[in-house]
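Each chain is listed here by its residues.
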Amino acid sequence: MSQVAVPVDAARAQAPAPRPRKVPRIVILGGGTVGLYSARRLRKRLGRREAAIVVVDPRPYMTYQPFLPEAAAGSIDPRHIVAPHRRALKGVDVLQGKVGEIKHRDRTVQILPEEGEPYWITYDHLVVGLGSVARTLPIPGLAEQGIGFKNVEEAIAVRNHVLDRIDVAASTWDPELRRRMLTFTFVGGGFAGVEALGEVEDMARATVRYYKQIEQSELRFVLVEGSPRILPEVSDELGGYTLEQLRKRDIEIHLSTFLNSCVDGHVVLSNKVEFDSDTIVWTAGVKANPVLQDSDLPLDKLGRVTCSATLQVVDADGVVVPDAYSAGDCAAVPDLYNPGKFCPPNAQHALRQAKRLGDNLANVLRSAEPTPYKHKNVGAVASLGMYKGVAQMFGRIKVRGFLAWVLHRTYHVFAMPTFNRKVRIMAGWTGSLLLRREVVSLGSLHDPRAEFRAASVPPKPRPAEPAAEATTSASV
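The structure presented is a predicted model; accordingly, all values stated were derived computationally and were not measured. (Residues numbered from 1 in each chain as written. Predicted model: local features only at pLDDT ≥ 70, side-chain atom pairs only at ≥ 80, totals over all residues. Heavy atoms only, no water.)

Participant: Hey, could you run me through the packing of aromatic side chains in this one?
Facilitator: By the definition in use, this model includes six aromatic pairs. Here the aromatic rings of Phe-67 and Trp-429 are separated by 5.9 Å at their centres, their planes lie at 80 degrees, and the arrangement is edge-to-face. Remark: Trp-429 occurs in helix α12 (residues 419-434) and Phe-67 occurs in the loop between β3 (61-63) and α3 (68-72); sequence separation between them is 362 residues. This pair shows no difference in class: Phe-67 is buried, exactly as Trp-429 is. On the basis of an interplanar angle of 65 degrees and a centroid distance of 4.9 Å, the ring pair of Tyr-387 and Trp-405 is categorised as edge-to-face. Of the two residues, Tyr-387 is situated in the loop between β24 (379-383) and β25 (389-393) and Trp-405 in helix α11 (residues 402-415); the sequence distance between them amounts to 18 residues. By relative accessible area, Tyr-387 is classed as partly exposed at 39%. Each residue in the set Tyr-64, Phe-67 and Trp-429 is aromatic and connected to the rest through ring pairs, giving one cluster. It is Arg-304 that lies over the ring of Phe-342; its NZ or CZ is 5.1 Å from the centre. Here Arg-400 stacks its cationic end above the ring of Tyr-241, 5.2 Å away from the centre of that ring. (Phe/Tyr/Trp six-rings, centres within 6.5 Å; stacked < 30°, edge-to-face > 60°. Helix = DSSP H or I, 4+ residues; strand = E, 2+ residues; numbered from the N terminus. Buried < 20%, exposed > 50% of the residue type's maximum accessible area, 1.4 Å probe, protein only. Lys NZ or Arg CZ within 6 Å of the ring centre and 35° of its normal.)

What follows is the structure in structure tokens.
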């Protein structure tokens, strides 16, 4: 793969214009759901002599986010919910690095590698699939105490942290410390928050059965949600059912409530409730990747790339921006089934938009017309722990309990990319049915060199012993 790489803008401006390429280059920013599926679709539709495809992402894999709660609960091996780019994207070049700046007018993108100087690459067609990041607020203590839930590393951190707190509390006799360690707070009552809470709570209660020193009643799980209901993606009936089921599991739920502060783990809520918690998981919404602000692409008020129904980038007047496409969480794509609204930022739309985007770009390169993206929501499924779930299919069919849990697993395992990952996930589920759940903490993963550093510190010199006092004998 040829590329134009210079570290500074001045050098780039003085450099001679690159020679026209025989094969158009498609650069895809982001290797998540949109990036991976659109690249695979384009490679399937276009031969190597028709297009060169480049995917840019700071991680060497795509994370299937709907399985993060089960990875946090140990129901799925975290390695199995990621699809390695080098293996999943055959015939596609992969650049590992962050996107620094996008200059679509010049058809250039700045790449920030983990090591080395930034450089620029050129392209003929651009696909923006940068996704979203956690939407945080300037809440005192949140940056220091909170744990996000957007990637597999955070899911592993939540699991290890919860199990570690249970381990430490089992050998702690101070009642205040135990109460603090065994209080787990989740902020955000959407799908991500409710599923994470349900799965982790189920795992924690299964874990405590192995600890004679801890009673089930000592575990305290708290959900904080700013709106008057949870799971806004499903009907009021299913949202109410989920609320009832969580409360039956002794989960404390605060609706129409906001997190005011969590300095040093002391949680203060807007309804005047205060308590101490060592675990604060933040799942309260997402926002478009802020990298888009450093681009000349048209954005809406939420920082998303404005798109037409054909997933082509358009300006404020609806005029198509040549050679630019976008989809997923970072794109404002009109929902043709709900005029005046945009497609919600979820995996269901991102996956389907990516495939449509790949088809449309391939059609344009072959001088054919693009097709509008149009998808009617088939439903929503959510897991609430082992053998528990809720589902709403086709807007009318409402399913609860075990059957909803089966539907959740079935839908998402078939949506998981690559046959290899599907088989590994199903094999892991089969093993979990036959064997007990693993509830061991591997907290040292987050700082594996800590013990080695401690062993490498030279011992402190022992203080010198006081010299024995000389004794003298006196004769009388």
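Participant: Quick question: what am I supposed to make of the pairing of β24 here?
Facilitator: In regular strands, side chains alternate between the two faces of the sheet. Most of β24 sits out of view: five of its five residues are buried. As judged from the five bridges shared by β24 and β25, these two strands associate in the antiparallel manner. The partner of Ala-382 across the bridge, within β25, is Val-390. What sits between β24 and β25 in their antiparallel hairpin is a turn of five residues, with Gly-385 showing a positive phi close to 120 degrees. (Pairing = 2+ DSSP bridges.)

Participant: Please clarify how the pattern of salt bridges should be interpreted in this entry.
Facilitator: Scanning all chains against the criterion turns up 22 salt bridges. The closest approach of N and O atoms between Asp-236 and Arg-229, which form a salt bridge, is 2.4 Å. We classify Asp-236 as exposed; its relative accessible area is 59%. Taken together, the shared-partner salt bridges connect Asp-164, Arg-165, Arg-180, Asp-276 and Asp-278 into one network. (Salt bridge = Lys/Arg side-chain N within 4 Å of Asp/Glu carboxyl O.)

Participant: Sorry if this is basic, but what is going on with the environment of Arg-180 here?
Facilitator: By the secondary structure assignment, Arg-180 is in helix α7 (residues 175-181). Sequence-wise, Arg-180 and Ala-169 are 11 residues apart; in three dimensions their C-alpha atoms are separated by 9.1 Å. Beyond its immediate chain neighbours, meaning those up to four positions away, Arg-180 contacts Asp-264, Gly-265, Asp-276, Ser-277 and Asp-278. (Contact = heavy atoms within 4.5 Å.)

Participant: Quick question: what am I supposed to make of the sheet that holds strand β6 (residues 98-103) here?
Facilitator: Within a sheet, adjacent strands bond to each other through the backbone by hydrogen bonds, running parallel or antiparallel. Reading across from one edge, β6-β7-β8 is the order of the three strands in this open sheet, with antiparallel pairing throughout. The open sheet has two free edges, formed respectively by β6 and β8 (119-122), since each of these has just one partner strand. Recorded for the sheet is a direction-independent mean angle of 30 degrees between the axes of neighbouring strands. Direction of pairing for β6 relative to strand β7 (residues 108-112): antiparallel, over a ladder of five bridges. Residue pairing across strands places Ile-102 opposite Val-109, the latter belonging to β7. (Axes fitted to C-alpha atoms, helices over the stretch in contact; angles between N-to-C directions.)

Participant: Explain the sheet that holds strand β26 (residues 397-400) to me, please; I cannot follow it from the model alone.
Facilitator: Strand order in the open sheet made by the three strands is β24-β25-β26, with antiparallel pairing throughout. Two strands lie at the open edges of the sheet, namely β24 and β26, each paired on one side alone. Going from strand to strand, the sheet's axes swing by 10 degrees on average, the running direction of each strand aside. Lying on the sheet, α11 is in contact with β24, β25 and β26; it crosses β24 at an angle near 105 degrees.

Participant: Help me understand unusual backbone geometry in this model?
Facilitator: Generally, phi is negative for residues other than glycine and the peptide bonds are trans, each holding for most cases. Positive phi, normally seen in glycine, also occurs at Ser-256, with a value near 50 degrees. Considering the arrangement of structural elements, one finds Ser-256 in the loop between β14 (251-254) and β15 (259-261). Positive phi is not limited to glycine here, since Asp-264 has a value of about 55 degrees. Looking at the secondary structure, you find Asp-264 in the loop between β15 and β16 (266-269). By relative accessible area, Asp-264 is classed as exposed at 57%.

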